[in-house]
Amino acid sequence: MSHFARRMRYVVKRLLQAIPIVLAIIVMNFFLLQLAEGDAVDVLAGEAGSATPEYMAELRAKFGLDQPLPVQLAVYLKNVMVFDLGYSFRHEMPVSELILDRMLATLLLMVSTIVLAVGFGIVLGLIAAVSLNTWRDTAISIFALITYATPLFWVGLMLIVVFSLNLGWFPTSGMENVAMFYEGWDRVWNIAHHLVLPTITLSLFYLALYTRLMRASMLEQAGQDYVTTARAKGVTENRIMFVHVLRNALLPVVTMAGVQVGALIGGSVIVESVFAWPGLGMLAFEALFARDLNLLLGIFLLSALLVVAVNLVVDLIYSTLDPRIEVE
Amino acid sequence: MTFRRWATGALCALGLVFGGASAMAQKAGGTLVYIVQPEPPSLASFLSTSGPIGLVAPKIYDGLFDYDNDLNIVPALAESFDVSEDGKTVTFNLRQGVTWHDGEPFTSADVQFTVMEILSKVHPRGPNSFREVTSIDTPDAHTAVFNLANPAPYMLRALSAYESPIVPKHLLEGQDPRNSDLATNPVGTGPFKFVEWQKGQYIRLDKNENYWKEGLPYLDRVVGRFIPDASTRTAAMENEEVMYGAYGAIPNIDAVRLRDTDGFSVTTDGYSMINPMALIEFNTTTEPFNDPAIRKAISMALDREFLIDNIWFGYGKPATSALSSNFAATGLYKEGLPNYPANADIDAAIAVLEEAGFAADADGVRATAVLDLIPYGEDWRRAGEYMKQALADIGIELELRYEDVPTWLKRIYADYDFAMNVNYFYQLPDPVLGVHRHYGTDQIRQGTHFVNSSRYSNPELDALLSAGAQEADAAKRSEIYAQVQQILAEDKPVANLFEMEFLTVYNDKLKDHATSALGAYGSFDRAWIDD
């Protein structure tokens with residue numbers, strides 16, 4: 001069997017295995033969310049100021065909340081089978097539309113954060129490992145420790161104070177300028193401008209992780225037998241470091257990045273809140289407090305799918321980075 | 001006596017406002033970005049009185065009236081009105097030549113449909129405001145005659161764009177109003193037209209070029225932005241990305257700092273129609289709060305000035321009655337009632353407890369209870385911490401409970417599973433609209449939020465409340481409410497703490513944004529930017 005065909009078979013097999021996992025996740029999420037007191041109708045009526053019990057009963061009937069739980073679950077599963085994520089009664093919009101709306105903002109933040117954090121993390125870790133126990137190593141380690149230990153919301157607010165209020169370089173919040181409503185390339189530039197501070201804030205935290213991981217991983221690989229062999233063969237130190245050791249040291253970093261892509265989709269609630277970034281994290285957070293269960297289940301399902309997909313991609317990248325790892 | 005107030009009087013008042021302001025020439029144009037927090041669930045102000053909806057919808061819809069800062073009626077869609085001698089017929093003469101944002105003409109049929117089919121049926125407070133309205137006649141396209149079963153003087157205070165928005169019949173008729181496209185795509189007659197709503201970001205409204213007020217609005221565009229984090233809202237205000245934030249969007253701790261910064265100002269104007277009152281609700285059906293003595297003692301042991309000065313940064317007024325002192329304007333507020341000390345009176349409170357037989361045990365504890373706190377921000381949590389300490393001084397041991405909104409609402413109003421609850425109520429411009437719901441026996445409505453959760457029931461008070469609702473004579477009415485307040489000062493199913501003062505923080509470049517008693521729930525039609 002060719003290499004490509006073997007890979008395809010592997011991908012298909014993994015996707016089939018994912019179906020029961022995702023179903024189990026949906027069912028678990030569904031019952032977990034039922035544990036919360038109160039429902040969407042309580043919240044809507046509470047916000048409205050006052051509502052009659054008849055009106056609230058009517059709303060519950062309309063939302064399907066008066067049905068027994070197993071029926072609600074069956075209806076939900078049936079809809080998911082045909083890729084219908086249901087309707088958010090709070091937002092009066094289909095869930096899929098709401099999620100798609102926010103998807104772009106989340107992807108922008110997520111991708112730029114991962115690129116920045118992984119990129120800089122690898123570089124810093126590499127520098128620290130190469131210049132082990134020098135001032136450079138110490139400085140990088142201290143930097144990583146501080147950024148890792150500082151609460152995200154505080155970093156965000158401090159960046160706002162310094163770069164928005166004092167220096168005036170960046171806007172404090174939002175995704176674009178809503179007084180001007182730019183179009184075309186001006187708008188792209190404007191959104192990029194708004195993206196800078198949230199990306200830096202969110203990456204600082206992850207950057208520390210990757211730096212530490214990369215440094216440790218480089219040091220571990222540098223002590224391996226193949227390095228001694230390469231050195232004995234007369235390979236230059238630079239080639240040993242940047243070709244042999246680096247490639248092997250990347251494996252744990254890739255693993256970590258894979259795990260975090262899934263976490264990032266919901267894990268940026270704090271950054272989205274501080275910078276008023278209209279992403280999925282905030283949407284999920286608000287949905288929880290509004291007991292908008294359809295919307296929450298939709299977001300959870302999306303996260304689950306993403307984690308499954310990313311794990312698959314990571315496994316494929318493994319075999320590219322290290323041909324000894326076979327997919328089967 | 002038939003009294004007829006022609007629009008001319010009000011127009012003169014309007015002229016004065018314009019005259020006064022024209023010393024500084026208004027500039028047309030520009031975009032006002034202001035804070036809307038949290039993001040509203042919809043823009044259906046005819047279904048919900050939710051705060052964030054009120055920040056947006058009154059820019060799009062008009063009411064029959066507006067109210068100036070002294071609570072005088074200012075004509076809006078109704079040019080003038082006429083109340084018959086027996087108070088049972090109210091005739092509104094509607095403005096001609098007004099069109100909806102989609103170009104259809106506005107007529108008396110819209111008013112009839114709005115009040116009878118929408119506000120009386122699906123609005124949270126409408127069934128109360130319009131409860132005496134039996135029918136509405138429309139003799140011609142610009143006259144609406146309200147036929148009432150009993151006089152309803154308070155109704156004329158509930159006709160603002162926020163409280164009773166007039167909605168287009170042609171877009172709602174034959175539909176389920178709770179499930180209509182109008183909720184997210186509003187069409188009104190107001191100064192601004194709805195353009196788009198980017199979920200999680202902003203709502204954009206553009207100038208209505210055909211607005212019926214000549215030359216208004218000045219602004220080209222109004223954008224409401226959602227910023228979840230309070231510190232970021234302050235930073236955005238300082239950075240001039242937003243120019244206006246009301247209803248505590250900028251927390252008091254930052255507002256007092258901005259107040260002292262050049263270029264920014266703080267005002268407490270624009271909340272007199274809302275009348276927010278902070279209070280404690282007691283569960284009067286269970287131990288220990290079924291005894292009025294302990295409720296009274298708690299009211300005496302809490303230092304209202306301490307709460308205001310230390311937690312709300314000096315913004316607020318100690319409560320002195322079950323009614324806000326703002327009702328003095330309509331003669332309904334009674335001064336000099338007992339049991340509302342501005343500063344704690346610990347000795348007197350302990351004496352009340354001793355007399356009622358709440359003896360202290362070995363640890364000095366006379367009673368224990370769980371105190372629930374309204375989950376609307378950190379200030380309330382701090383207030384709870386203060387109360388825990390203050391009431392320990394009179395031997396009442398409290399445990400604090402802070403839950404999320406749905407859990408809390410269900411506990412207080414559906415399960416009645418509480419002992420005492422810190423809360424705040426909007427008393428609105430008339431006690432019938434905002435206060436009756438807290439005390440009447442008919443307001444013990446399990447599952448309905450913000451009504452009589454104390455389950456206090458007093459036939460004498462019920463009789464007074466229903467008399468007060470129908471009394472057209474001002475002097476007799478104030479006599480009735482004096483008795484109401486006297487009873488509540490002794491019985492204390494609810495201990496009123498202080499009259500809240502919400503803060504509006506704004507950039508000084510923004511002018512004439514507070515020309516209506518509705519404040520942030522008003523229209524911004526005369527607001528302009530001086531840059």
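Small disclaimer: the values here were computed from a predicted structure and weren't measured.

1. Considerations on the overall build of chain B
At step 1: The number of helices and strands found in chain B is 16 helices and 22 strands.
At step 2: Compactness check: chain B gives a C-alpha radius of gyration of 24 Å against a globular reference of 24 Å for 531 residues, within 12% of the reference.
At step 3: Overall, the C-alpha framework of chain B stretches about 75 × 55 × 45 Å when taken along its three principal axes.
At step 4: A separation threshold of at least 6 residues defines the contact pool for chain B, and within that pool the share at least 24 residues apart is 70%.

2. Focus: the overall build of chain A
At step 1: Within chain A one finds 13 helices and 2 strands.
At step 2: Each principal axis of the C-alpha distribution contributes one length, and for chain A these read about 85 × 60 × 40 Å.
At step 3: Classification of the 328 residues of chain A by burial places 36% in the buried group.
At step 4: Sequence separation of 24 or more characterises 71% of the internal contacts of chain A that already satisfy a separation of 6 or more.

3. Describing the pairing of strand E19 (residues 494-499) of chain B
Residue and element names in this part refer to chain B.
At step 1: Most of E19 is tucked away: 6 of the 6 residues are buried.
At step 2: Bridge analysis of strand E15 (residues 317-318) against E19 gives 2 bridges, and the strand direction is antiparallel. Within E19, the residue paired with Lys317 across the bridge is Glu499.

4. What to know about the interface of chain B and chain A
At step 1: Each side of the interface is counted separately: chain B has 42 residues, and chain A has 42 residues.
At step 2: Mapped onto the side of chain B that touches chain A, the elements with two or more residues apiece are strand E2 (31-35), strand E11 (221-225), helix H6 (230-238) and helix H12 (405-414) of chain B.

5. Topic: the sheet that holds E15 of chain B
Residue and element names in this part refer to chain B.
At step 1: Across the sheet, 6 strands lie side by side as E15-E19-E14-E18-E16-E17; this open sheet has mixed pairing. Both edges of this open sheet fall to E15 and strand E17 (396-402), since each of them pairs with a single strand only.
At step 2: Where strand E14 (residues 276-282) meets E19, 5 bridges bridge the pair, whose relative direction is antiparallel. Paired with Ala278 across the bridge in E19 is Phe498.
At step 3: Relative to E19, helix H9 (residues 304-311) is tilted by about 45°, and along the sheet it contacts E15 and E19.
At step 4: Relative to E17, helix H11 (residues 378-392) is tilted by about 165°, and along the sheet it contacts strand E16 (367-373), E17 and strand E18 (420-426).

6. Quick notes on the packing of helix H7 (residues 152-166) of chain A against helix H8 (residues 184-222) of chain A
All names here are of chain A.
At step 1: Running from N to C, H7 and H8 point in directions that differ by 140°, and their axes come no closer than 9 Å. Classified by the angle between their axes, H7 and H8 sit oblique to one another. Handedness of the crossing formed by H7 with H8: right-handed. Facing H7, whose interface residues are Leu152, Val155, Gly156, Leu159, Ile160 and Phe163, H8 presents Leu197, Ile200, Thr201, Leu204 and Phe205.
At step 2: Residues that form the contact of H7 with H8 fall into these classes: 9 nonpolar, 2 polar and no charged.

7. Structural notes on the packing of helix H5 (residues 95-130) of chain A against helix H6 (residues 135-149) of chain A
Residue and element names in this part refer to chain A.
At step 1: Their axes nearest at 7 Å, the elements H5 and H6 cross at an angle of 140°. Between H5 and H6, the interaxial angle falls into the category oblique. Handedness of the H5/H6 crossing: left-handed. In contact with Leu124, Ile127 and Ala128 of H5, H6 contributes Arg136, Asp137, Ile140 and Ser141.
At step 2: Here the residues of the contact of H5 with H6 are counted per class, giving 4 nonpolar, 1 polar and 2 charged.

8. Concerning H12 of chain B
At step 1: Three or more residues of H12 of chain B are buried, namely Pro406, Trp408, Leu409, Lys410, Ile412 and Tyr413 of chain B.
At step 2: Where H12 of chain B ends, the next residue or the one after it, Tyr416 of chain B, has phi of about 50°, a positive value.

9. Here we look at the confidence of the model for chain B
Residues and elements named next belong to chain B.
At step 1: When pLDDT is averaged across chain B, the result is 89; 95% of the residues are at 70 or more.
At step 2: Counted against residues more than four places away or in other chains, residues 1-23, with its pLDDT under 50, gives 20 contacts.
At step 3: Taken over the whole predicted complex, pTM reads 0.83, whereas the ipTM for its chain interfaces reads 0.80.

10. Some points on the nonpolar core
Across soluble globular proteins, nonpolar side chains have a tendency to be buried as a group.
At step 1: In this structure, Tyr210 of chain A together with Leu32, Tyr244, Ala297, Ile298 and Ala301 of chain B are the most contacted members of the largest nonpolar core, which totals 233 residues.
At step 2: Contacts of Tyr210 of chain A, omitting those with residues within four sequence positions, involve Ala117, Val118, Gly121, Ile122, Gly125, Val253 and Met256 of chain A.

11. With respect to the environment of Ile298 of chain B
Residues and elements named next belong to chain B.
At step 1: If you trace the backbone, Ile298 turns up in helix H8 (residues 292-301).
At step 2: Sequence separation between Ile298 and Ala369 is 71 residues; the distance between their C-alpha atoms is 12 Å.
At step 3: Those residues in contact with Ile298, other than ones at most four positions away along the chain, are Ile280, Leu391, Ile396 and Ala495.

12. Overview of the pairing of E2 of chain B
Residue and element names in this part refer to chain B.
At step 1: Burial analysis of E2 places 4 of its 5 residues in the buried class, the great majority of the element.
At step 2: Bridge count for E2 against E11 is 5 bridges, and the pairing is parallel. What sits directly across from Tyr34, in E11, is Gly224.

13. Some thoughts on unusual backbone geometry
Residue and element names in this part refer to chain B.
At step 1: Geometrically, the link from Gln37 to Pro38 is a cis peptide bond, its omega value of -5° lying close to zero.
At step 2: A cis amide bond links Glu287 with the next residue in sequence, Pro288, at an omega value of -10°.
At step 3: Its location among the elements puts Pro288 in the loop between E14 and H8.
At step 4: Of note, Phe313 is a non-glycine position whose phi angle comes to about 55°, a positive value.
At step 5: Among the secondary structure elements, Phe313 is positioned in the loop between H9 and E15.
At step 6: You will see that Asp512, though not glycine, has its phi angle at about 50°, which is positive.
At step 7: Topologically, Asp512 is positioned in the loop between strand E21 (510-511) and strand E22 (528-529).
At step 8: With 18 C-beta atoms packed within 10 Å, Asp512 lands in the partly exposed category.

14. Things to note about the environment of Leu69 of chain A
At step 1: With respect to the element layout, Leu69 of chain A can be found in helix H4 (residues 69-81).
At step 2: Each C-alpha atom of the pair Leu69 of chain A and Gln34 of chain A lies 8.8 Å from the other, and the pair is 35 residues apart in sequence.

15. Comments concerning the environment of Arg136 of chain A
Residues and elements named next belong to chain A.
At step 1: Topologically, Arg136 is positioned in helix H6.
At step 2: Owing to 14 C-beta atoms within 10 Å, Arg136 belongs among the partly exposed residues under this scheme.
At step 3: In this structure the C-alpha to C-alpha distance between Arg136 and Leu124, which are 12 residues apart in sequence, comes to 9.6 Å.
At step 4: Aside from chain neighbours lying at most four places away, what touches Arg136 is Ile127, Ala128 and Ser131.

Calculation rules
Residues numbered from 1 in each chain as written. Chains lettered and ligands numbered in written order. Predicted model: local features only at pLDDT ≥ 70, side-chain atom pairs only at ≥ 80, totals over all residues. Helix = DSSP H or I, 4+ residues; strand = E, 2+ residues; numbered from the N terminus. Rg over C-alpha atoms; globule rule 2.2 N^0.38 Å. Contact = placed C-beta atoms within 7 Å. Buried ≥ 20, exposed ≤ 12 C-beta atoms within 10 Å, placed from the backbone. Pairing = 2+ DSSP bridges. Axes fitted to C-alpha atoms, helices over the stretch in contact; angles between N-to-C directions. Parallel < 35°, antiparallel > 145°, perpendicular 65-115°, else oblique. Left-handed = near helix turned anticlockwise from the far one by under 90°. Nonpolar A, V, L, I, M, F, W, Y, C, P; charged D, E, K, R; others polar. pLDDT = per-residue confidence, 0-100. Core = buried A, V, L, I, M, F, W, Y, C linked by C-beta atoms within 7 Å.

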